[in-house]
Amino acid sequence: MFEKVQNFIVMGKSGSGKQPRVDVLIRRFGLKQLSTGDIFRHYLGLFNVLNVEGELSVFFDPTKDDFIADAEIKDRLNITAHENAEAIVLGLKAKYYVNQGRFVPDRITNALFESAFQALEFKGAVLDGFPRTVEQAQFLVDLANRKGVKLDAIVLVENEDELIIGRTLGRRICKSCGELYHMEFRPPPNPGECVSPNPVCDVVQRSDDNIESLKKRLEEFRTKTRPAIEYLKQAGIPFYSVPGNLPDYSPARVEASVCEILGLASTSPSV
Ligand SMILES: [Zn+2]
């Protein structure tokens, strides 16, 4: 089992402890992380370098409730011959929604994901943050079938809401150097103070680490992502649930938490 791994899907609530498990799979199987956050940053970045001025609504046709044709967008942006033209158009479409503070629709997220997955030739990825809805899950299963690639397993990092809330609300970050803190596990030396002696350093709470947006993210997971997980299971993808909460987070313990569930021998000394 898991000898010729092509792709893993790691899922879990925001703040459940996904990243350390993603890291284990990356090291173990030589995979690359394909995270929606990174994908959005990449495609928005490709578009942003064009420094397009003015409202992006000129690229949207409200009578069709859709964007104008891709060829027309490329023509207006003067990028028809650009090697990244397709990707830039995707970046523009995502940005159109981001600028309005709206959710990016699944069809746009799917297109961005496919483009990024294609760059890896649809193999060797740990999917992180995708799929997040049933529609995205359907798209992923269809895409894998069309391309003849395997989705080896779903690894769900399970953690209780109460634990996630406590842990997330305690997080602090230095605005200047990015140093991470936690009021319980790694408090800053003094309130607002960073370990770095740099006078511009300032330790704060991230703006989306407040109870309202956290509860909203947890609710999204319950109503949209849980059904997506069910869809993937129904599609026959092997499912593994990994405990997100551990007595301690030593690298060996984190690795063992994944390896035991997947039936892999741990490479670290026993814990
Ligand atoms: Zn700092």
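Our structure is the block above this text.
Since we're looking at a predicted model, the values are computed, not measured.

Engineer: Describe the packing of aromatic side chains, with residues and values.
Structural biologist: Applying the stated criterion across every chain yields a total of 12 aromatic pairs. Judged by centre distance (5.5 Å) and plane angle (45°), the rings of Phe2 and Phe8 are tilted. Overall, the relative accessible area of 0% leaves Phe8 in the buried class. One aromatic cluster is present, formed by Phe2, Phe8, Phe29 and Tyr240 through successive ring pairs. Across from the ring centre of Phe103, 5.4 Å away, lies the NZ or CZ of Lys224, which sits over that ring.

Engineer: Now, about the coordination of the zinc ion: what can you tell me, with residues and values included?
Structural biologist: Distances from the zinc ion to its protein donors, Cys174 (SG), Cys177 (SG), Cys194 (SG) and Cys201 (SG), fall at 2.3 Å. Here the zinc ion is ringed by 4 donor atoms whose angles at the metal span 98 to 120°, and the overall shape comes out tetrahedral. Spacing between the donor residues of the zinc ion along the chain follows C-x2-C-x16-C-x6-C. Taking the relative accessible area as the measure of exposure, Cys194 reaches 6% and is therefore buried. Overall, the relative accessible area of 13% leaves Cys201 in the buried class.

Engineer: Before we move on, could you go through the pairing of strand S7 (residues 171-174) and cite the residues and values that matter?
Structural biologist: Here S7 pairs with strand S8 (residues 180-182) via 3 bridges, running antiparallel. Across the sheet, Ile173 pairs through a bridge with Leu180, a residue of S8. Here S7 folds back onto S8 in antiparallel fashion, the turn holding 5 residues, of which Gly178 has a positive phi close to 85°. Relative to strand S9 (residues 203-204), S7 runs antiparallel, the two being bridged by 2 bridges. Across the sheet, residue Cys174 finds its bridge partner in S9, namely Val203.

Engineer: I'd like a description of the sheet that holds strand S10 (residues 239-243), backed by residues and values.
Structural biologist: With parallel pairing, 5 strands are arranged side by side in an open sheet as S2-S5-S1-S6-S10. Because the sheet does not close on itself, it has two edges, and the strands there are strand S2 (32-35) and S10. Along the sheet, successive strands turn relative to each other by an average axial angle of 25°, direction set aside. By the bridge criterion, 5 bridges tie strand S6 (residues 153-158) to S10 in an arrangement that is parallel.

Definitions and cut-offs
- Residues numbered from 1 in each chain as written.
- Predicted model: local features only at pLDDT ≥ 70, side-chain atom pairs only at ≥ 80, totals over all residues.
- Heavy atoms only, no water.
- Phe/Tyr/Trp six-rings, centres within 6.5 Å; stacked < 30°, edge-to-face > 60°.
- Buried < 20%, exposed > 50% of the residue type's maximum accessible area, 1.4 Å probe, protein only.
- Lys NZ or Arg CZ within 6 Å of the ring centre and 35° of its normal.
- Donors = N, O, S within 2.8 Å, 3.2 Å for Na, K, Ca; no water.
- Tetrahedral: all angles 85-135°; square planar, octahedral: opposite > 155°, others 65-115°.
- Pairing = 2+ DSSP bridges.
- Helix = DSSP H or I, 4+ residues; strand = E, 2+ residues; numbered from the N terminus.
- Axes fitted to C-alpha atoms, helices over the stretch in contact; angles between N-to-C directions.

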